[in-house]
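Chain by chain, the residues:
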Amino acid sequence: MQEFQLRVVPLQNNEFALELFQCAYKKAGEKKRPAAQKIGQLKGNPLILARQAVYDCLKQNNYDPKSLSYKRQSPYVLSETSGVNLAVLFQALKRLSKPERIANITEGVRAMSNEEAHYWFAKMSNGHRRSAQKAIRVLLDDN
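Here's what I pulled together on the structure shown here.

## Digging into helix α3 (residues 80-93)
Because each turn of an α-helix spans 3.6 residues, side chains separated by three or four positions in sequence point in the same direction.
Okay, step 1: Here α3 spans 20 Å end to end across 14 residues, near enough to the 20 Å set by a 1.5 Å rise per residue.
Okay, step 2: Burial analysis of α3 places 12 of its 14 residues in the buried class, which makes it a mostly covered element.
Okay, step 3: Taken as a whole, α3 has its buried residues at Glu80, Ser82, Gly83, Val84, Leu86, Ala87, Val88, Leu89, Phe90, Gln91, Ala92 and Leu93.
Okay, step 4: In the stretch just after α3, arginine 95 is the one whose phi turns positive, near 65°.

This is the structure we're talking about:
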């Protein structure tokens, strides 16, 4: 199973951003695991509108959503399923500003099956990020 980490980045005025990292596997013969790869960041209005998806993810990984705060220093360790779902969400919401679009896409990603989320994650991770972003936005935004 692949491991993901959700890290809290404190901002000004008690606000924070969330950054999602995909942890690399430790290769045979290596003493340390390679550095985690940053998947994306969510902050501001998109984070506020997608907070329920983040809360659900934390609950699925046995964390209390109330522990999500700008003061948190240790990362949340997420399962592969939760990490993939959040990765798709973070990528789909990247650089969006219209609240209605953000809400529609967030609900669409939350409703995805595990297989569907893995499909989109693979598309976005293997050099097709821009075209996959456009496609998932068209698919999920019913405007």
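## Observations regarding the side chain of arginine 137
Okay, step 1: Tracing the backbone through its elements, the reader meets arginine 137 in helix α6 (residues 129-140).
Okay, step 2: Although buried, arginine 137 forms no salt bridge, and the nearest oppositely charged side chain, aspartate 141, lies 8.5 Å from it.
Okay, step 3: Within polar-contact distance, the side chain of arginine 137 engages the backbone oxygen of alanine 92 at 2.8 Å.
Okay, step 4: Within polar-contact distance, the side chain of arginine 137 engages the backbone oxygen of lysine 94 at 2.4 Å.
Okay, step 5: Once residues within four sequence positions are removed from consideration, arginine 137 is found in contact with Gln91, Ala92, Leu93, Lys94, Leu96, Arg101 and Ile105.

## With respect to the sheet that holds strand β4 (residues 76-78)
Strand pairing in a sheet relies on backbone hydrogen bonds. The paired strands run either parallel or antiparallel.
Okay, step 1: With antiparallel pairing, the four strands of this open sheet are ordered in space as β3-β2-β1-β4. A single partner strand is all that each edge strand has here, and the edge strands are β3 (37-42) and β4. The sheet shows a mean angle of 25° between the axes of neighbouring strands, direction not considered.
Okay, step 2: Pairing geometry for strand β2 (residues 16-22) and β3, over five bridges, is antiparallel.

## Focus: the pattern of salt bridges
Okay, step 1: In this structure the tally under the stated criterion is four salt bridges.
Okay, step 2: Among the salt bridges present, the one from arginine 101 reaches aspartate 141, with a minimum N-O distance of 2.8 Å. You can see arginine 101 sitting in helix α4 (residues 99-110) and its partner aspartate 141 sitting in the segment after α6, a full 40 residues away along the chain.
Okay, step 3: The buried category is assigned to aspartate 141, whose relative accessible area is 10%.
Okay, step 4: Across the salt bridge formed by arginine 110 and glutamate 107, the nearest N and O atoms sit 3.2 Å from each other. With arginine 110 and glutamate 107 both in helix α4, this residue pair falls three residues apart, about one helical turn.
Okay, step 5: Arginine 110 gets classed as partly exposed once you look at its relative accessible area, which sits at 35%.
Okay, step 6: Several salt bridges converge on common partners, so that one network encompasses Asp56, Glu107 and Arg110.

The rules behind the values
Residues numbered from 1 in each chain as written. Predicted model: local features only at pLDDT ≥ 70, side-chain atom pairs only at ≥ 80, totals over all residues. Heavy atoms only, no water. Helix = DSSP H or I, 4+ residues; strand = E, 2+ residues; numbered from the N terminus. Expected span 1.5 Å × (residues − 1). Buried < 20%, exposed > 50% of the residue type's maximum accessible area, 1.4 Å probe, protein only. Lys, Arg positive; Asp, Glu negative; His and termini not counted. Salt bridge = Lys/Arg side-chain N within 4 Å of Asp/Glu carboxyl O. Polar contact = N/O pair within 3.5 Å; in protein donor to acceptor, adjacent residues only side chain to side chain. Contact = heavy atoms within 4.5 Å. Pairing = 2+ DSSP bridges. Axes fitted to C-alpha atoms, helices over the stretch in contact; angles between N-to-C directions.

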